[in-house]
Amino acid sequence: MTKPEEIECILQSVLGVLNSPDRWCKYAAALDVNGVRINERHSLAVQWCLEGAIRVSSDLWRLQSATECHLVKHMLNDKYLLLRDFNDGQDTKYEDVIALLQRGIGACGKTQIT
């Protein structure tokens, strides 16, 4: 079982990765300075989607998966089943992504994380 503190730590790290609108992207895990798709862990990556930022923030697949499940289960409405769908949604803005992360951090102490 994943501890809420572990999820909270990852979400805080994701906020650091996505600390300004120009560091967030849609339709790719990560982009380089020219807007070319790149592996999210590549040293030339300068923008990340929500999932890419989660993967950069944790080396452990178990924690990445638990973090994504936490956000989907407790933070997204029925409109989205995957973080990718939320991140890439036509109406999703940077502010929406940050608000989701902040709600996720707030819920870490209030929910059972499996």
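Preceding this paragraph is the structure being described.
Model, not experiment: these values are computed from the prediction.

About the thresholds
Residues numbered from 1 in each chain as written. Predicted model: local features only at pLDDT ≥ 70, side-chain atom pairs only at ≥ 80, totals over all residues. Heavy atoms only, no water. Phe/Tyr/Trp six-rings, centres within 6.5 Å; stacked < 30°, edge-to-face > 60°. Helix = DSSP H or I, 4+ residues; strand = E, 2+ residues; numbered from the N terminus. Buried < 20%, exposed > 50% of the residue type's maximum accessible area, 1.4 Å probe, protein only. Salt bridge = Lys/Arg side-chain N within 4 Å of Asp/Glu carboxyl O.

> Hey, could you run me through the packing of aromatic side chains in this one?
Between two aromatic rings, the relevant description is the distance of the centres plus the angle of the planes. In this structure the tally under the stated criterion is two aromatic pairs. On the numbers, 6.4 Å between centres and 55 degrees between planes, the contact of W24 with Y94 is tilted. In this pair, W24 is assigned in the loop between helix 1 (4–17) and strand 1 (30–31) and Y94 in helix 5 (residues 94–107), connecting sequence segments 70 residues apart. When its relative accessible area of 13% is taken as the criterion, Y94 is described as buried. Taking 5.5 Å as the distance between ring centres and 80 degrees as the angle between the ring planes, the aromatic pair formed by Y80 and F86 counts as edge-to-face. Like F86, Y80 is buried.

> Mind showing me how you'd approach the pattern of salt bridges here?
Once the charged atoms of two side chains with opposite charge are near each other, the side chains can pair. A full pass over the atoms with the stated rule returns three salt bridges. Among the ionic pairs, E51 bridges to R84, the shortest N-O distance being 3.4 Å. Remark: R84 occurs in helix 4 (residues 83–87) and E51 occurs in helix 2 (residues 50–57); sequence separation between them is 33 residues. Owing to a relative accessible area of 9%, E51 belongs among the buried residues under this scheme. The residue K93 makes a salt bridge to D96 at a minimum N-O spacing of 3.8 Å. The exposure class of D96 is partly exposed, given its relative accessible area of 26%.

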